[in-house]
Amino acid sequence: MKKIITLAVAVLAIGATVATPAAVAAAGIPKGFLLYEKEAAKKPALAESSWKVGNSAKVRLAINPCDRATLARTGRTAARTVTYTSVPDFQKVEQVILYRSKAAAAGAVAQVRSALTACRSNTSAGSTYRYVSSRLTGLGDEALKVSGQVYYKGKAGVGGDRSVLVRKGNAVLVYLWAGEYYKPARSDWATQLRDARKMTGKICGVADC
């Protein structure tokens, strides 16, 4: 009997110290894990700028062409969003979301693709906001590059957003910049792609890859 109890205690101890990928994912996202959290903890260099860090799993997805609060929300287990806002009209968002399974995360990305198709053009007050997306290869399990741009009478105006979305395992991450963009250019995504690659390289520390 003593031998059985000793063995049972040993098994419990091993289970407590060996973390499977699923167990790590269930634990959530550790403080300081996102790339911009350290910077967000400092006082902004510009007076008219601010950082915000949120941990709600119900947060609105940063890429949201149809402006739906529930887009890609089903199946989430954890999320963290870092947002920087400054003038004139500049914002950047870093978002990492964990889902209960790889399938749930893939379903979330499928919803984003559908929204980009359904709401690729939105007209209001004489202007049209258009979304264009394309697949990215060699980044995570699947990835998208997205541009949003304002147009006036068919010509590009000043104002838009450029983002990268990546799914790796049961995690979805987004890097978005919005501001005074004009006519999408390849260089518009340079920083977002750099950040997305860096986060994709470390995301398996919290995700089930």
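The rules behind the values
- Residues numbered from 1 in each chain as written.
- Predicted model: local features only at pLDDT ≥ 70, side-chain atom pairs only at ≥ 80, totals over all residues.
- Heavy atoms only, no water.
- Disulfide = S-S within 2.5 Å.
- Helix = DSSP H or I, 4+ residues; strand = E, 2+ residues; numbered from the N terminus.
- Buried < 20%, exposed > 50% of the residue type's maximum accessible area, 1.4 Å probe, protein only.
- Salt bridge = Lys/Arg side-chain N within 4 Å of Asp/Glu carboxyl O.
- 1 Å grid on protein atoms, 1.4 Å probe; cavity = no way out; pocket = protein on both sides within 12 Å on 5 of 7 lines; lining within 4 Å.
- Points joined across faces, edges and corners; volume = space filled by probe spheres on them.
- Nonpolar A, V, L, I, M, F, W, Y, C, P; charged D, E, K, R; others polar.

A. Structural detail: the state of the cysteines. A complete count under the given rule lists two disulfides for this structure. Disulfide pairing places Cys66 opposite Cys119 at an S-S distance of 2.0 Å. Between Cys66 and Cys119 the disulfide shows an S-S torsion of about 105 degrees. By sign, it is right-handed. With a gap of 53 residues between them, Cys66 in the loop between strand S1 (49-54) and strand S2 (76-86) and Cys119 in the loop between helix H4 (102-118) and strand S4 (121-124) connect regions that are remote in the sequence. Here Cys119 falls in the buried class, since its relative accessible area comes to 14%. Disulfide pairing places Cys204 opposite Cys209 at an S-S distance of 2.1 Å.

B. Region of the structure containing the pattern of salt bridges. One pass over the structure, following the stated rule, counts seven salt bridges. Arg167 serves as the salt-bridge partner of Asp141, at 3.7 Å between the closest nitrogen and oxygen. Within this pair, whereas Asp141 is found in the loop between strand S5 (127-136) and strand S6 (142-152), its partner Arg167 is found in strand S7 (residues 155-168), the two being separated by 26 residues in sequence. Of the residues examined, Asp141 reaches a relative accessible area of 43% and is grouped as partly exposed. Between Glu142 and Arg167 there is a salt bridge, with the nearest N and O atoms lying 2.5 Å from each other. Here Arg167 lies in strand S7 and Glu142 lies in strand S6, a separation of 25 residues in the sequence. What makes Glu142 buried here is its relative accessible area of 15%. Note on Arg167: relative accessible area 12%, which makes it buried. Look at the salt bridges and you will find they share partners, linking Arg113, Asp141, Glu142 and Arg167 into a network.

C. View of the layout of surface pockets. One number sums up the size of the largest pocket: a volume of about 390 Å³. Along its surface, the largest pocket is lined by 22 residues, and Arg60, Ala62, Gln91, Leu176 and Ala178 are the ones closest to its centre. Among the elements that make up the lining of the largest pocket, the one with the highest residue count is S7 (four residues). Partitioned by chemical class, the residues of the lining of the largest pocket number nine nonpolar, nine polar and four charged.

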